[in-house]
Structures are given as C-alpha cells and as structure tokens.
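# Structural features, examined
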Amino acid sequence: MQVILTKDVDTLGSHGDVIEVADGYYRNYLGPKQLAVTATKGSLSDLQRRIDRIRAKAEKKHQDDLAKAEKVTSLGTITLEANAGEGGKLYGTITTKELSKVLQDKTGLEIERRNVNLDHPINKVGEYTLYIKFSPKVSAQVKLQVKAIKAKHEAFALEDAFAGEESLDKQ
C-alpha cells in the first residue's frame, strides 16, 4: 500500500515522502498515530501543491537574500572609530551587536547580530573582514577599518603635563 508520511518516521522517511508499506502496518500503526495518509490521487495532488508552494516561497526568500547580500557587499569598506590606548589596543572589544547596528544604519536592512561572523575578536586597531550570513547558501563580506581616537581627558592631561614643565623651567 502506498502512503504519504505526514511526520518524520525514523525507520521509514521524512515528512512528505511517498513510500510503500504493508496494509497492516498502516492500519495498526501509521494511521492511528496520524503519521501517514493513504496515497490517493487527491492526496498526491495536494502534496504536489504544497511542495510547489514551499519551493516558490523558498525561491523568493533566496532572491531577497541575494539582494541583501549585494547591498551589503556594495558598501566596500566601513570605517569605525574607537577609543584606543598605546599600541593600538582598544579599551573594549567591538561586538557583533555594535557591528549589526552599524550595518543597519548604513544599509537600512534588518541584520541580526547572530548573522555577523568574525574570524577573531576586534580588540585592536586595524582592518578586519566581516562575514554576514543571510541563509545557508547566501553570505556577504565587507571590510571593516578600525581607527583610534584619543579620549578628550587624555588630550587635556597631556596639555596640563606640558604646562607644568614650562612653569618649572621659568623658576
């Protein structure tokens, strides 16, 4: 007897598979547990319509993801400024949450932080590559340039230090 599985069954197959089983197996196990329905002409055409609808939806999502990836790739290089100490070491790490917000501001797209992947943490001044994954088949790359800015209190502290030395020289 031919049946269509309505749920995944470990020993038989996955949802939507059309398989051949014994009549008693369907009558006593698959049917009562609603794991399968008999494969009639109507149920097979219904299955085909559902498959076509799922494929159309998946194709539309794939095209949308490709458009998003193209928009992100067209950014080229993104420049970010952060407070850094000597040797170019940042005072904090730039997180994927901050990066997703920057990408959203630049592109206008919804980019979740879990979709932004890094090779290693961004905790120094330099150039990094960001990988943005929209789906298992579609991803994009964008370069990130991290530049250092000095904190205002450091600049004032240096000016005060030099001003103090000048007053000592005059005495």
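The paragraphs below set out a description of the structure included in this document.

Parameters and conventions
- Residues numbered from 1 in each chain as written.
- Predicted model: local features only at pLDDT ≥ 70, side-chain atom pairs only at ≥ 80, totals over all residues.
- Heavy atoms only, no water.
- Pairing = 2+ DSSP bridges.
- Helix = DSSP H or I, 4+ residues; strand = E, 2+ residues; numbered from the N terminus.
- Axes fitted to C-alpha atoms, helices over the stretch in contact; angles between N-to-C directions.
- Contact = heavy atoms within 4.5 Å.
- Salt bridge = Lys/Arg side-chain N within 4 Å of Asp/Glu carboxyl O.
- Buried < 20%, exposed > 50% of the residue type's maximum accessible area, 1.4 Å probe, protein only.

## Considerations on the sheet that holds strand β1 (residues 2-5)
The strands that make up a sheet are held in pairs by hydrogen bonds between backbone atoms, and each pair lies either parallel or antiparallel. Read across the sheet, three strands follow the order β2-β1-β3 without closing on themselves; strand pairing throughout is antiparallel. The sheet is open, and its two edges are formed by β2 (18-20) and β3 (36-38), each paired on a single side. Neighbour-to-neighbour, the strand axes of this sheet turn through a mean angle of 40 degrees, independent of strand direction. Judged from the three bridges that link them, β1 and β2 form a sheet pairing that is antiparallel. Across the sheet, V3 pairs through a bridge with I19, a residue of β2. Across the sheet, helix α1 (residues 23-30) is in contact with β1 and β3; its angle to β3 comes to roughly 130 degrees. Contacting β1, β2 and β3, helix α2 (residues 41-73) runs over the sheet at an angle of about 30 degrees to β1.

## Details of the sheet that holds strand β4 (residues 77-83)
One open sheet accounts for four strands, arranged β4-β9-β8-β6; its pairing is mixed. Edge positions in the open sheet fall to β4 and β6 (116-118), since each of these has one partner strand only. Strand-to-strand twist of the sheet, defined as the mean angle between neighbouring strand axes without regard to direction, takes the value 35 degrees. Two strands pair when backbone bridges link them, and β4 and strand β9 (residues 139-149) are joined in this way by seven bridges, in the parallel orientation. Residue pairing for β9: L80 is matched across the bridge by V146.

## A closer look at the pairing of β1
Pairing of β1 with β3 involves three bridges; the strand directions are antiparallel. When the sheet's bridge partners are listed, L5 is paired in β3 with A36.

## Looking at the pattern of salt bridges
Counted by the stated rule, this structure contains six salt bridges. The salt bridge involving D105 is made with K101; its shortest N-O contact spans 3.7 Å. Placement of both D105 and K101 in helix α3 (residues 96-107) is noted, with a separation of four residues, approximately one turn of the helix. Both residues of the pair, D105 and K101, count as exposed. Because the salt bridges share partners, they merge into one network encompassing D46, R49 and R50.

Any functional reading would require information beyond the geometric quantities listed.
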